[in-house]
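Descriptive analysis of the structure
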Amino acid sequence: MLQQPECFKVGPGDTVLFSQKQWVETDVVMKLTLSDSPSDSNPSPGVFIAYGGQILDELHYPKPKDGVAWSLDPGATTVAGNDDPANLCLAYEAFAEGDLGTPGVANPVCLKSPCDDGGTVREALAPVPGDIFITEVHANASTGIGEPGGEWIEFFTPVSFDLNGLQLGKSAESISFTFPGEQCLKVGPGLVLLARSGATGDMLSPAATYSSLQLANSDGTLWLGVGGVELDHMPYDTPKDGVARQVDPAVIDAFTQSLDPTLNDPAEARCDAAVPYAPFNTDLGTPGADNSVCNGPPPTGQCTDPDTQQPRDIDPPQAGELLITEWMANPKLVGDTEGEWFELLADADFDLNGLELGKVWDPYTVGDFVPVAGDCLEVKAGDSVLIARSADAAVNGGLPAPRFVTKLSLGNSNGGLFVGHGGVELDHVAYATTSDGASTQLSQELITPGALDVAVNDDPANLCTAAALYNASDKGSPGAQNVACGGGFVDPCFDADLGAMREKHSPGAGDLVITEFLANPSGTETDREWFEVLANADVDLNNVKALSKFAPTPTELTNAKAFGGTDCIAVAAGTRALVARKADPAVNGGLPAVDAAFAFSLANSAGAISLAVGDLVIDAVQWATSQGEDIATQLDPGVSNPALNDNTDAEPWCDAVGPGTPKQENPACP
């Protein structure tokens, strides 16, 4: 109730402001709190003004938006006018508090769809039937670009309007996205490109971006409308991987005359796009540009020179000018469809445009090809040309930037790969197997620039498994020079410290001594058993075999498997190596770094361990007594002669303190 001693006189047309805060415009500070939303006790929130117990006017308002006042249109300022919700609108002008409203001043005209046009709020201009004609849809972006981030849509409009309120979906019953109304999104006249929000879509410089809508890859339909009213829809069929569906330019011309949005409905109005678009130059389409003629003339055999930006004839590779030098069919860090790649060596300057790729060359079967049109993809003599399944280093395992992203998949066994041009094979490779996490590469000394022999990669003896890591798990030299297979060594391994191949240093008699073992660990024994080896010389364990026999037979020695591996398992003189059942510390009881793994069980009694290289037993120990749980058996540190450690039940062996000291010097026996 308003109570104050002074007269408070108002006149016709005056605006009186009641507010909880004291602003400059405030006439009366009130204690009344308005309800934000309906409740059981107040199902129709509102406010009234009364005098002498008689209501003079009342207003019931819908649920307000946070920070936005309800405003009565100035053309409805009667006691009956504010009873009609159609005369109310959300305020759109900001005041000192930062919220939207006009406290203490006259209300502006209500706008149904206000938007901010460079600081001026105006009514958003909505499209009407005949204003929109869908011209192109890219629903099935290639793997290298990715879905849904690589999806986009295009329409033609003969007028200018605002996108605010435009709805995207598959039908009026399946609307996925509505453009918001804060900023005016003016488009047209002409072609309008809308892309999926994100870094990939932004690279196309669209008029606007959208989210939520994900286009179907089979039997798809795109629907555009406003307020649930359809403006246009177009079936885009089942698009091919990496190929947009577009409307023939003649049909678009017909729409400009008739403004009939149904012209893109018939199947004959649409076709596959045929031109690769920048900046990817892999997928086909014309986003934001004129469509190519459906069933038009074949490619002219020209590309756009990147230096002059003028068309020129494509310079294709000739026989003997390229060679397949390396391929990764079975990556470990990422999946095959993301991480596969292969590499070509260029022995001349040529363009990749039109290069044909496949897995079967007899008969010649093309599985993918580098688009002919677009920018000339120039290659220089001596280049290592990387072709990969994905261009995204965060997805493909950290590869260098590939020259082309292909949809061609490589088999992990009994596979093949060829490259050609114009239906003529230029080189091929066939392989029986691949290595998990390692590429197959042609030995560097057999790659002879200036006189390439495309038959050199046909001989498996000229190939080897890559040894250098290019990420945490995968080995190869993508986009870089290969190494010599074996490097001229008889029995090579890759030395990570040297970053190169070297000869393995296999141990001989007296070079290794078994110094400690744990045969009866608590928990799962087959996960936590281990033994320790002291090196008396600088050696590699790769060719060492571990057996559970004190005196293995020749047959047992032949059948036993060496520790193996392409990386050198180096052990320096005076240091200890740890050989365990499992390498994972989360499984093996928290052991230090394991150097090699063995596959047999250590017996809790009447057991043995022997180490051999070829048919030479380097050291062997055995025990008859039962091993205590979680008590290792250790060799006195003063003994390093493998001839003195045969019987672990007697000196110089003793029980370790608890589970032992794996990979550390043993304490002295009592």
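What this report covers is the structure whose coordinates are included nearby. Position labels on residues start from 1 in each chain and follow its written sequence. Reporting of local features is limited, given that this is a predicted model, to residues whose pLDDT is at least 70; pairs of side-chain atoms are given and counted only at 80 or more, and all residues count toward the totals for whole chains, interfaces and linings. Just so you know, side-chain values use all the structure's heavy atoms and leave hydrogens and water out.

Comments concerning the pattern of salt bridges
- The term salt bridge refers to a pairing of a side-chain nitrogen on Lys or Arg with a carboxyl oxygen on Asp or Glu at a separation within 4 Å. Scanning all chains against the criterion turns up 16 salt bridges.
- Between Glu532 and Arg576 there is a salt bridge, with its nearest N and O atoms 3.4 Å apart. Of this pair, Glu532 sits in strand β40 (residues 530-535) while Arg576 sits in strand β44 (residues 576-580), and the two are 44 residues apart along the sequence.
- The network of salt bridges with common partners includes Asp237, Lys240, Arg245, Arg270 and Asp272. Only runs of H or I of at least four residues qualify as helices and only runs of E of at least two qualify as strands under DSSP, and these elements are numbered from the N terminus.

Topic: the side chain of Arg270
- Relative to the elements of secondary structure, Arg270 occurs in strand β20 (residues 270-272).
- At a separation of 2.8 Å, a polar atom in the side chain of Arg270 contacts the main-chain carbonyl oxygen of Asp265.
- In this analysis, two residues are considered to be in contact whenever any of their non-hydrogen atoms come within 4.5 Å of each other. Not counting the four nearest positions on each side in its chain, Arg270 is found in contact with Met234, Pro235, Tyr236, Asp237, Arg245, Gln246, Val247, Asn264, Asp265 and Cys294. We call two N or O atoms a polar contact when they sit within 3.5 Å, provided that within protein one can donate a hydrogen and the other can accept it, with sequence-adjacent residues counted only if both atoms are side-chain atoms.

Remarks on the state of the cysteines
- In plain terms, two cysteine sulfur atoms within 2.5 Å form what is called a disulfide here. Scanning the model with the defined rule gives seven disulfides in all.
- Residue pairing for Cys115: its cysteine sulfur links by disulfide to Cys184, the two sulfurs lying 2.0 Å apart. Disulfide Cys115 to Cys184: torsion about the S-S bond roughly 95°, handedness right-handed. Within this pair, whereas Cys115 is found in strand β7 (residues 114-117), its partner Cys184 is found in the loop between β13 (174-178) and β14 (186-187), the two being separated by 69 residues in sequence. Note on accessibility: Cys115 and Cys184 belong to one class, buried. Working definition: with a 1.4 Å probe on protein chains only, accessible area under 20% of the residue-type maximum means buried, over 50% means exposed, and in between means partly exposed.

A look at the environment of Glu230
- Mapped onto the fold, Glu230 is located in strand β18 (residues 229-237).
- In sequence terms Glu230 and Val456 are 226 residues apart; their C-alpha atoms lie 63 Å from each other.
- Beyond its immediate sequence surroundings of up to four residues, Glu230 is in contact with Trp223, Leu224 and Gly225.
- Here Trp223 takes part through its side chain, which lies 3.3 Å from a polar atom of the side chain of Glu230.

Some thoughts on the sheet that holds strand β17 (residues 220-226)
- For two strands to be treated as a pair, DSSP must find no fewer than two bridges joining them. Across the sheet, which stays open at both edges, the four strands sit in the order β13-β12-β17-β18 with antiparallel pairing between neighbours. The outermost strands of the open sheet, each flanked by one partner alone, are β13 and β18. This sheet shows a mean twist of 25° between the axes of neighbouring strands, independent of strand direction.
- With seven bridges connecting them, β17 and β18 associate as antiparallel partners. Its bridge partner being in β18, Thr221 is matched across the sheet by Pro235. All axes here are fitted lines through C-alpha atoms, helices being fitted over the stretch that makes contact, and every angle between N-to-C directions spans 0 to 180 degrees.

Regarding the sheet that holds strand β34 (residues 424-433)
- Pairing is antiparallel in the open sheet, where four strands are placed in the order β29-β26-β33-β34. Single-partner strands in this sheet number two, and they are β29 (368-369) and β34.
- Both strand β26 (residues 355-358) and β29 contribute to a ladder of two bridges, which runs antiparallel. The residue bridging Leu357 from the neighbouring strand is Asp368, located in β29.

Considerations on the environment of Pro148
- Here Pro148 lies in the loop between β9 (133-138) and β10 (152-157).
- Look at Pro148 and you get partly exposed, because its relative accessible area is 21%.
- In this structure, the C-alpha to C-alpha distance between Pro148 and Ser212, residues 64 residues apart in sequence, is 9.5 Å.
- In this view, Pro148 contacts Arg196 and Gln214; residues no more than four positions away in its chain are not counted.

Considering a negative patch on the surface
- Residues form patches when they are more than 30% accessible in relative terms and have no salt bridge. Like charges link within 9 Å. Nonpolar side chains (Val, Leu, Ile, Met, Phe, Trp, Tyr) link within 5 Å. Accessible surface is estimated by sampling points in the Shrake-Rupley manner with a 1.4 Å probe; for residues, cover comes only from the protein chains shown. When charges are counted, Lys and Arg are positive and Asp and Glu negative, with His and the chain ends excluded. The atoms used to mark charge sites are NZ of Lys, CZ of Arg, CG of Asp and CD of Glu. The grouping of Asp362, Glu425, Asp453, Asp458 and Asp459 at the surface amounts to a negative patch.
- With respect to the element layout, Asp453 can be found in the loop between β35 (440-442) and β36 (463-465).
- Using a relative accessible area of 41% as the deciding quantity, one classes Asp453 as partly exposed.

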